[in-house]
Amino acid sequence: MHLHSGSTASLARSERNGLDLRDPQQLDAVLDAVAPELVINASSGEADWATTADGTVRLAATTARRGIRPVHVSSDSVFSGADSPYDETALPDPVASYGAAKAAAETVVRLLHPDVAVARTSLIIGDGGSSHERIVHELPAGTREGVLFRDDVRCPVHVADLAAALWELAASGATGVFHLAGPHAVSRYELGILIARRDGIDPALLPVGRRVDSPFPGALDVRLESTATQRRLRTRLRGAREFLRTGPGPAAANEGLGDAPA
């Protein structure tokens, strides 16, 4: 959770605070200590309803009572994949427990905070530190079992682009639902190949399979359409085929956004 104290014209003075959203006393203690004007909630307890849904509801109620504006980070998991692609006006229709928890959180946050910015995103890729990248290294090394699904399609985003876009939304005071995903729809297997090539791993070593043949439930083709959001941003959200080819760091268009107004 990121807390910001001071003018939203400059987000230089901000703090990242770790806390357990299931603990109301800890939540109050952190908010008392920081006295933020803005909270960016990027928390996730995966399918744990007590954290992902109830914890977010507790945070939303507490910040509403204190007059603190939230930016809420949600997920493409709120969609079933039955009507892909999904734009910012699409209503959640989750098929798995994590997506249901995120959808419930979205709904309550928007009810309690008319001024909220809800930012749905997709698979988040870093410069080696994301879980998706670790899996690509672990599967060929034999330290993890499993396969990369070729029938599970998403629109990955680079973590630096996502962070810059969230700062923009926070600074601008924008409200409503936004989609912060890359423009390239790729399967988890294609994403693995792109990561492997960047990191010097033989893609032939990556095991491939289909989600429909696995015991793991979940949506298949969930493509976030981010065109409307992108038109409002200075930050350029790059696609996986670009940022995994060009290397680390945000796109040049994202640089210098510490004081981004919108």
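Residues numbered from 1 in each chain as written. Predicted model: local features only at pLDDT ≥ 70, side-chain atom pairs only at ≥ 80, totals over all residues. Heavy atoms only, no water.

Trainee: Which residues make up empty space enclosed by the protein, and what values do they have?
Mentor: Summed over the entire model, instances satisfying the criterion amount to one cavity of 30 Å³ or more. Contributing to the lining of the largest cavity are Val39, Asn41, Thr56, Leu59, Ala60, Thr63, Pro70, Val71, His72 and Val109. Every element with two or more residues in the lining of the largest cavity is listed here: β3 (38-41), α2 (49-66) and β4 (69-75). The leading source of residues in the lining of the largest cavity is α2, at four residues. Residues belonging to the lining of the largest cavity are distributed by class as follows: six nonpolar, four polar and no charged. (1 Å grid on protein atoms, 1.4 Å probe; cavity = no way out; pocket = protein on both sides within 12 Å on 5 of 7 lines; lining within 4 Å. Points joined across faces, edges and corners; volume = space filled by probe spheres on them. Helix = DSSP H or I, 4+ residues; strand = E, 2+ residues; numbered from the N terminus. Nonpolar A, V, L, I, M, F, W, Y, C, P; charged D, E, K, R; others polar.)

Trainee: How would you sum up unusual backbone geometry? Please name residues and give values.
Mentor: In this structure, Pro85 follows Ser84 across a cis peptide bond, with omega equal to 5°. Of note in this structure, Ala35 is not a glycine but carries a positive phi near 50°. With respect to the helices, strands and loops of the structure, Ala35 is situated in the loop between α1 (24-34) and β3.

Trainee: Which residues make up the nonpolar core, and what values go with them?
Mentor: By size, the foremost hydrophobic cluster in this structure holds 17 residues, and its most contacted members are Ile40, Val71, Leu166, Leu169, Leu180, Leu233 and Leu237. Elements represented by at least two residues in this core include exactly β3, β4, β5 (117-121), α5 (159-172) and β10 (176-180). The greatest single-element share of this core, amounting to five residues, is contributed by α5. In this structure, Leu148, Ile193, Leu194 and Ile195 belong to the second largest nonpolar core, which totals 16 residues. (Core = buried A, V, L, I, M, F, W, Y, C linked by side-chain atoms within 4.5 Å. Buried < 20%, exposed > 50% of the residue type's maximum accessible area, 1.4 Å probe, protein only.)

Trainee: Got a sec to walk through the confidence of the model for the chain? Specific residues and values, please.
Mentor: In the predicted model, the chain carries a mean pLDDT of 88, and 87% of its residues have values of at least 70. Segment residues 4-14 is flagged for pLDDT under 50; beyond a separation of four residues in sequence, or across chains, it makes 29 contacts in the model. Confidence drops under pLDDT 50 across residues 249-262; counting only partners more than four residues distant or on other chains, this segment forms 39 contacts. (pLDDT = per-residue confidence, 0-100. Contact = heavy atoms within 4.5 Å.)

Trainee: So what's going on with the pairing of β3? Which residues, and what values?
Mentor: Burial along β3 is two-sided: Leu38 and Ile40 and Val39 and Asn41, pointing in opposite directions, are all buried. Of the pairings in the sheet, the one linking β3 to β4 comprises four bridges and is parallel in character. Each residue of the ladder has a partner; that of Asn41, found in β4, is His72. (Pairing = 2+ DSSP bridges.)

Trainee: Explain the environment of His72 to me, and be specific about the residues and the numbers.
Mentor: Within the secondary structure, His72 is located in strand β4. Given a relative accessible area of 2%, His72 falls into the buried group. As for His72 and Ser43, which are separated by 29 residues in sequence, their C-alpha atoms are 9.0 Å apart. Among all residues touching His72, those that are not within four sequence positions of it are Asn41, Thr56, Ala105, Glu106, Val109, Val116, Ala117, Val118 and Ala119.

Trainee: How would you summarise the pattern of salt bridges if you had to cite specific residues and measurements?
Mentor: Overall, the coordinates contain 18 salt bridges when judged by the stated rule. A salt bridge links Glu106 to Arg120; its shortest N-O distance comes to 2.9 Å. Placement of the pair is Glu106 in helix α3 (residues 97-112) and Arg120 in strand β5, with a sequence separation of 14 residues. Per residue, the accessibility class of Glu106 equals that of Arg120, and both read buried. Residue Glu133 is joined to Arg198 by a salt bridge in which the shortest nitrogen-to-oxygen separation is 2.8 Å. (Salt bridge = Lys/Arg side-chain N within 4 Å of Asp/Glu carboxyl O.)

Trainee: Run through the packing of helix α4 (residues 131-141) against helix α6 (residues 188-198), naming residues and quoting values.
Mentor: Relative orientation of the contacting elements α4 and α6 amounts to 75°, with a least axis distance of 9 Å. Considering their axes alone, α4 and α6 lie roughly perpendicular with respect to each other. The segment α4 lies against α6, with His132, Glu133 and Val136 engaging Arg188, Gly192, Ile195, Ala196 and Arg198. Its residues placed into classes, the contact of α4 with α6 shows three nonpolar, two polar and three charged. (Axes fitted to C-alpha atoms, helices over the stretch in contact; angles between N-to-C directions. Parallel < 35°, antiparallel > 145°, perpendicular 65-115°, else oblique.)

Trainee: Which residues make up the side chain of Thr229, and what values go with them?
Mentor: For Thr229, the position within the fold is in helix α7 (residues 227-232). A distance of 2.9 Å separates a polar atom in the side chain of Thr229 from the backbone nitrogen of His179. (Polar contact = N/O pair within 3.5 Å; in protein donor to acceptor, adjacent residues only side chain to side chain.)

Trainee: Run through the environment of Ser75, naming residues and quoting values.
Mentor: The topology assignment puts Ser75 in strand β4. Accessibility expressed as a relative area gives 8% for Ser75, which makes it buried. Contact partners of Ser75, with chain neighbours within four places excluded, come to Tyr98, Lys102, Arg120 and Thr121. In this structure the side chain of Ser75 is engaged in a polar contact, spanning 2.9 Å, whose partner is the backbone nitrogen of Ser77.

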